[in-house]
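Now for the letters of each chain:
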Amino acid sequence: MTFETTDTAPAVTPLPLSAGRWTLDPFHSAVNFTIRHLGISKVRGRFTEFDAELVVGETPDTSSVTSTIKLASIDTGNADRDTHVRASDLLDVERRPTMTFRSTRLAGAGEDWTMEGELTIGEVTRPVSLAVEFGGLGEFGDTRHAGFEATGEIRRSEFGLSFAPGMLGEVVRIQLDMQFLEPGRGDA
């Protein structure tokens, strides 16, 4: 399989992924974030319940990524803080149970790609751009795994999450480490 870049002159870029629906390997994947606290330090956290799917087509235009994250699965390493963040005066996970992402455009070459998409938190959907690094392929038993790292940032206020101004930073940095299992080659 080869992908062509969609910028300037077409160039063929080998990306050794089989066409089809790649499933997430949740045991080797992570959804992490960083946000400033009081403007002087960073709080790091993660979401422990999420799913993603990679559909590889013949070109980037026929390939896509979708993901759903359960917001109640937030883990910052402090149970009291996590309970407060889930509450109605902050993240309000009763009203906003999930965060979803749907890619709209993939472009790049070799290891470095850009993924444009739409991120929805609650009832608000905004465009998001992620820098994606293709980590390569690895064999485990009779299954091939593909690894990716995606990074980007969002502004809280654009998603109606403007609680605690001055205490929490406006920008949330996202780091996704994802491993997908090749379709039709066995179980993990």
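Counting restarts for each chain: residues are numbered from 1 in the order of the written sequence. The predicted origin of the model limits local features to residues at a pLDDT of at least 70 and limits the giving and counting of side-chain atom pairs to 80 or more, whereas totals for whole chains, interfaces and linings rest on all residues. Hydrogen atoms and water are omitted, and side-chain values are computed over all heavy atoms in the structure.

Asks: What is the right way to look at the packing of aromatic side chains in this model?
Replies: Aromatic contacts are taken between Phe, Tyr and Trp rings whose centres are within 6.5 Å, Trp giving its six-membered ring; a plane angle under 30 degrees counts as stacked, one over 60 as edge-to-face, and the others as tilted. Here the structure, examined in full by the defined rule, presents three aromatic pairs. When the ring of Phe134 is compared with that of Phe148, the centres are 5.2 Å apart and the planes differ by 40°; the resulting orientation is tilted. One end of the pair, Phe134, is in strand β11 (residues 124–140); the other, Phe148, is in strand β12 (residues 143–155), and 14 residues separate them in sequence. Like Phe134, the residue Phe148 is buried in the burial classification. Between Phe148 and Phe180 the ring centres are 6.2 Å apart and the planes differ by 70°, which places this aromatic pair in the edge-to-face class. On the criterion of sequence distance, the pair formed by Phe148 in strand β12 and Phe180 in strand β13 (residues 168–181) is long-range, its members being 32 residues apart. There is no split in this pair, since Phe148 and Phe180 are both buried. The helix count covers DSSP runs of H or I at least four residues long, the strand count covers runs of E at least two residues long, and both are numbered beginning at the N terminus. Partly exposed residues are those whose accessible area sits between 20% and 50% of the maximum for their type, while under 20% is buried and over 50% is exposed, using a 1.4 Å probe and protein chains only.

Asks: Looking at this model, I keep getting lost on the pairing of strand β7 (residues 64–70). Mind explaining?
Replies: In summary, the side chains of a regular strand alternate between the two faces of the sheet. By the alternation rule, side chains of β7 split into Val65, Ser67 and Ile69, which are all buried, and Ser64, Thr66, Thr68 and Lys70, of which none is buried. For strand β6 (residues 50–56) and β7, the ladder comprises six bridges, and the chain directions are antiparallel. Note that in β7 the partner of Val55 across the bridge is Ser64. Strand direction decides the pairing type here: β7 and strand β9 (residues 98–109), joined by five bridges, are antiparallel. Bridged to Thr68 within β9 is Thr100. For two strands to pair, DSSP has to find at least two bridges joining them.

Asks: I tried to follow a nonpolar patch on the surface on my own but got confused; where do I start?
Replies: Two distance rules govern patches: like charges are joined within 9 Å, and nonpolar side chains (Val, Leu, Ile, Met, Phe, Trp, Tyr) within 5 Å, applied only to residues with over 30% relative accessible area and no salt bridge. For accessible areas, the Shrake-Rupley method is used with a probe of radius 1.4 Å. Any residue's cover is judged against the shown protein chains and nothing else. Definition used for salt bridges: Asp or Glu carboxyl oxygen within 4 Å of a side-chain nitrogen of Lys or Arg. Taken together, the side chains of Leu38, Ile40 and Met167 present a nonpolar region at the surface, about 330 Å² in accessible area. Structurally, Met167 is set in the loop between β12 and β13. You can call Met167 partly exposed: its relative accessible area is 44%.

Honestly, it's all geometry; don't read function into it.
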